[in-house]
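What follows is the residue order along each chain.
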Amino acid sequence: MYLPPHDPHVDDPMRFKPLFRIHLMERKCATVECMYGHKGPHNGHIQIVKKDEFSTKCNQTDHHRMSGGRQEEFRTWLREEWGRTLEDIFHEHMQELILMKFIYTSQYDNCLTYRRIYLPPSSPDDLIQPGLFKGTYGSHGLEIVMLSFHGKKAKGTKITGDPDIPAGQQTVEIDLAHPLQLPDIENLRDFSELSRIVLEVHEQVRREEQEREQQQEEEEHSQQAASQPASPLGGGEGAEGEETAAGAEGTTQDKAPASQPFVLPMGVISRNEDYPRTCRICFYGTGLIAGHGFTSPERTPGVFVLFDDDRFGFIWLELKSFSLYSRIKVSFQNAQAPSREAFDEMLKNIQSLAT
């Protein structure tokens, strides 16, 4: 098990916890031991389900239980997962979310399914090196997000989830064609000023999407009505050329060498106050929010803040909340995707599993 550091210390290293081990025997035989729980290794088995997927099952789940019952198990889990006791957590909503997470994860401690995850491919034009990041998610604690680049978009996909947004969902999307010019440091402290700037861009993006949809419908109607295929094809190429030019113009500011002062606006909540006080560039983006059990999900406007090569942030406008992300600096062997298509297919698969 690959655990994030204790909340909210995103710059601390990841933690490792063994879940199973395999003893290779003579005559191509093997024994499997489950390492879950606090009573030492015990009997289990592994099943290969299909390519890039396998499952482990514990045959002695009584080894996972504690003499003090579920209450002792919960307190032990809380110390390991959060590095604190329940008495340290005064916020009732946070206590509720933590208890929900414990109940959910402990239901599946006897049978786990593993699926391969590819690291995102990179290109010289990327804003920063893509990869895995630890991020603060308010009362949910720290979660793991994969940052990947897709042309004029960047996506943050949850690798670990919570009771609201499951793993596999796209937690943030960054529009690299719409950089934001932040106000000076004094005006930046005013949340209403930042909100005004972001909502103006949000409205602009909405209009552009409507224009693209309308243009696409007009092209489809032209193709259906025209007797000669040359005319609608010519119009389509012209429109595509204009869009490409607009996109190129929007991305010329992707990499800004100069840094600028940064501070969170008054009223924006951050689990980690030790965020950088300068940033390189900001972009308009959207963040996914939902109720418990992924109910009523919606994408809401926000601000992507690039601090340096290893840290970025996201201001959730509607929640008045700030998430800080720090790169996971671990070298994974054989984790690169064989192709861009294979990586995109993996993203689709893990999102469909979560949905």
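Cut-offs used in this document
Residues numbered from 1 in each chain as written. Predicted model: local features only at pLDDT ≥ 70, side-chain atom pairs only at ≥ 80, totals over all residues. Heavy atoms only, no water. UniProt positions renumbered as here; feature names shortened; annotations may be inferred. Helix = DSSP H or I, 4+ residues; strand = E, 2+ residues; numbered from the N terminus. Expected span 1.5 Å × (residues − 1). Buried < 20%, exposed > 50% of the residue type's maximum accessible area, 1.4 Å probe, protein only. Contact = heavy atoms within 4.5 Å. Pairing = 2+ DSSP bridges.

For the protein, the name recorded in an unreviewed UniProt entry is FBX31 protein, with Pycnonotus jocosus as its organism. Under Pathway (unreviewed entry), UniProt gives the following word-for-word description of the protein: "Protein modification; protein ubiquitination."

Draft legend 1. View of helix α4 (residues 191–225). The terminal C-alpha atoms of α4, which comprises 35 residues, lie 51 Å apart, in line with the 51 Å expected from a rise of 1.5 Å per residue. Regarding α4, the residues found buried are F191, L194, S195, I197, V198, V201 and V205. Its buried side turned inward, α4 meets β11 (170–180), α3 (185–188), β15 (281–291), β16 (295–306) and β17 (311–316).

Draft legend 2. Expanded view of the pairing of strand β3 (residues 20–24). Of the strand pairs in this sheet, β3 and strand β4 (residues 30–34) are connected by five bridges, and their pairing is antiparallel. Following the sheet pairing, L24 is matched in β4 by A30. Between β3 and β4, which pair antiparallel one after the other, the connecting turn spans five residues, and R27 there sits at a positive phi close to 60°.

Draft legend 3. Seen up close, the pairing of strand β5 (residues 42–50). Bridging between β4 and β5 involves three bridges; their strand directions are antiparallel. Bridge pairing in β5 places E33 opposite N43. Looking at chain direction, β5 and strand β6 (residues 53–58) are connected through six bridges and run antiparallel. Bridging from a neighbouring strand, G44 pairs with C58 of β6. Counted between consecutive antiparallel strands, the loop separating β5 from β6 contains two residues, among which D52 sits at a positive phi close to 65°.

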